[in-house]
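Structure assessment
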Amino acid sequence: MSKAIDSWLSPPLNLKLSSQEVHIWRVYIDTDDSILKKLQPLLSTDERSKAARFRFEKDSAKYIVTRGTLRTILGRYLSQKPEDLKFSYNQYGKPALHSSDTNQSISFNVSHSHELALIAVTQNRNIGVDIEYVRTNVNYEEIAERFFSPAEKAVWRVLPTSVKQEAFFNCWTRKEAYIKAKGMGLSIPLNEFDVSFKPREPAALLNTTWDEQEASRWSLKEITLAPEYIAALAVEASNYQLKFWQLNSLCHKL
Ligand SMILES: CC(C)(COP(=O)(O)OP(=O)(O)OC[C@H]1O[C@@H](n2cnc3c(N)ncnc32)[C@H](O)[C@@H]1OP(=O)(O)O)[C@@H](O)C(=O)NCCC(=O)NCCS
């Protein structure tokens, strides 16, 4: 295990989020019946209806565990009961804490893939996170040609085949984390902004076609969390401290 993977700590009981901090939570999506029984009652009526609409039971269970865990974590920061929190959604579906709920302006974003979820939490700044389980049955060439920007395609086309899988998921997660932070979904055309993505190259938003100052307002980071997963964080800030918390099922009693 690399140092970065080991740097995930159990959260302290007196959890604090200072205005300069960004907290990232790594959550193992444990859909064991006992966990589901604890977390399902935390969900609102609309969340339970959403859970009931999934075609496959395993997807419903993952949604319940991820949403129940999100409520549990946010409740800890706000000293509120998880079930009392209310979410609002922008027109693209990005959830936020309902503003009348609290004086604190906590912002957060969630991503889940396969057996892991990431929850990023901060105050007063836009934030987005994306995690992908590295699947091998992906047609990288076709997706890159369709969604990468002209500058990204130029980099992509000359990469050695041996690094293309990692480079592809670097690019994908960085682009997704950024559009998730902006909260506007795919209404931001993925080919109109450039991110770095070569292996070992620091994550960065490099350019956008619509605002030459935009890249300087954002920080992108690669999050190393487990073998076979690639993840990225986008924060609208240049200066902040990152903390990594690990949540496993034992903590759900918090
Ligand atoms: C919904 C979307 C924002 C991300 O979806 P995703 O990558 O499938 O899923 P993730 O697990 O990362 O994120 C889902 C979570 O993001 C949050 N979310 C939903 N809409 C959001 C939005 N507009 N902005 C930010 N976050 C959003 C929700 O919490 C959601 O979790 P929930 O369903 O449990 O409520 C959207 O961008 C999308 O569908 N993208 C598809 C991307 C694509 O083609 N990418 C190619 C890249 S090269």
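Residues numbered from 1 in each chain as written. Predicted model: local features only at pLDDT ≥ 70, side-chain atom pairs only at ≥ 80, totals over all residues.

**Remarks on the overall build of the chain**
Selection rule: To qualify as a helix, a DSSP run of H or I must reach at least 4 residues; to qualify as a strand, a run of E must reach at least 2; elements of each kind are numbered from the N terminus. To get the radius of gyration, use the C-alpha atoms; to get the globule rule, take the number of residues to the power 0.38 and multiply by 2.2 Å. Using C-beta atoms placed from the backbone, we call a residue buried if 20 or more other C-beta atoms fall within 10 Å of its own, exposed if 12 or fewer do, and partly exposed for counts in between. Residue pairs are scored as contacts if the distance between their C-beta atoms, which are placed from the backbone, is within 7 Å.
From N to C terminus, the chain includes 7 helices and 11 strands. The C-alpha radius of gyration computed for the chain amounts to 18 Å, which stays within 12% of the reference 18 Å derived for 254 residues, consistent with globular compactness. For the chain, with 254 residues in total, the buried portion stands at 34%. Restricting the contact set of the chain to residue pairs at least 6 apart, pairs at least 24 apart contribute 63%.

**Description of the nonpolar core**
Our working definition: The nonpolar core criterion groups buried Ala, Val, Leu, Ile, Met, Phe, Trp, Tyr and Cys residues into a set whenever they are joined through C-beta atoms within 7 Å. An automatic or database domain assignment provides the domain bounds reported here.
Leu-118, Ile-119, Ala-120, Tyr-178, Leu-220, Leu-233 and Ala-234 are the most contacted members of the largest nonpolar core, which has 54 residues in total. Ranked by residue count, the leading element in this core is helix H7 (residues 161-182), at 9 residues. The residues that make up this core include at least three from each of domain 1 (3-125 + 237-253) and domain 2 (135-223). With sequence-adjacent residues up to four places away left out, Leu-118 is seen in contact with Ile-24, Trp-25, Arg-26, Ser-111, Val-129, Ile-131, Ile-223 and Ala-231.

**Quick look at the pairing of strand E10 (residues 229-235)**
Spelled out, the test is: In short, DSSP must find at least two bridges between two strands for them to pair.
Buried residues dominate E10, accounting for 7 of its 7 residues. The alternating pattern of E10 places Tyr-229, Ala-231, Leu-233 and Val-235 and Ile-230, Ala-232 and Ala-234 on opposite faces, both of which are buried. By the bridge criterion, 7 bridges tie strand E6 (residues 127-133) to E10 in an arrangement that is antiparallel. Paired with Tyr-133 across the two strands is Tyr-229, which belongs to E10. By the bridge criterion, 5 bridges tie strand E9 (residues 219-223) to E10 in an arrangement that is antiparallel. Its bridge partner lying in E10, Glu-222 is registered against Ala-232. Hairpin connection between E9 and E10: a loop of 5 residues separates the two successive antiparallel strands, and Glu-228 in this loop has a positive phi of roughly 75°.

**Considerations on the domain arrangement of the chain**
Formally: For this classification, Asp, Glu, Lys and Arg are treated as charged, while Ala, Val, Leu, Ile, Met, Phe, Trp, Tyr, Cys and Pro are nonpolar and the rest, including Gly, are polar.
By the assigned domains, the chain splits into domain 1 (3-125 + 237-253) and domain 2 (135-223). Each of domain 1 and domain 2 has a C-alpha centre, and these two points are 25 Å apart. Domain 1 puts 9 residues into the contact, and the matching count from domain 2 is 8 residues. Broken down by class, the residue content of the side of domain 1 that touches domain 2 amounts to 4 nonpolar, 4 polar and 1 charged.

**Regarding the sheet that holds strand E1 (residues 21-28)**
Just so we agree on the cut-off: For helices, the fitted axis covers only the stretch in contact; all axes are lines through C-alpha atoms, and the angles between them, taken along N-to-C directions, range from 0 to 180 degrees.
In spatial order, the strands read E4-E5-E1-E11; together these 4 strands make up an open sheet with mixed pairing. Looking at the sheet topology across the chains shown, the edges are occupied by strand E4 (106-113) and strand E11 (241-247). Neighbouring strand axes in the sheet, compared pairwise and without regard to direction, differ in orientation by 15° on average. Where E1 lies against strand E5 (residues 116-123), 6 bridges are found, and the strand directions are antiparallel. Opposite Ile-24, over in E5, you have Ala-120 as the bridge partner. Helix H4 (residues 57-78) rests against E1, E4, E5 and E11 of the sheet, and its axis sits at about 155° to E4.

**Section: the site of the ligand**
Heads up, the rule is: Whether a residue is near a molecule or strand depends on its C-beta atom, generated from backbone atoms, being within 6 Å of that molecule or strand.
Among the 24 residues in the neighbourhood of the ligand, the closest are listed as Tyr-92, Gly-93, Lys-94, Ser-111 and Lys-180. Looking at the shell around the ligand element by element, the count peaks at 5 residues for H7. Classifying every residue of the shell around the ligand gives 10 nonpolar, 8 polar and 6 charged. Looking at which domains feed residues into the shell around the ligand, each of domain 1 (3-125 + 237-253) and domain 2 (135-223) supplies at least three.

**Concerning H4**
Our working definition: Expected helix span is taken as 1.5 Å per residue step, with the number of steps being one fewer than the number of residues.
Taking 1.5 Å of rise per residue, the 22 residues of H4 would be expected to cover 32 Å, and the 31 Å separating its terminal C-alpha atoms lies within 8% of that figure. Ser-79 lies just past H4 and shows a positive phi near 50°.

**A closer look at the sheet that holds E6**
Strand pairing in a sheet takes place through backbone hydrogen bonds and is either antiparallel or parallel in direction. As summarised here, the arrangement of the 3 strands in space is E6-E10-E9, forming an open sheet in which the pairing is antiparallel. Two strands bound the open sheet, and with one partner strand each, they are E6 and E9. When the angles between neighbouring strand axes are averaged without regard to direction, this sheet yields 15°. With respect to the sheet, H7 is in contact with E6, E9 and E10, its orientation differing from that of E6 by roughly 150°.

**Looking at the confidence of the model for the chain**
As a reminder, the rule being used: Summary of the metric used: pLDDT quantifies the predictor's per-residue confidence within the range 0 to 100.
Per-residue pLDDT for the chain has a mean of 92; in total, 93% of the residues score no lower than 70. Here residues 250-254 is modelled with pLDDT under 50, and outside its nearest four sequence neighbours on either side it reaches 6 contacts, counting other chains as well.

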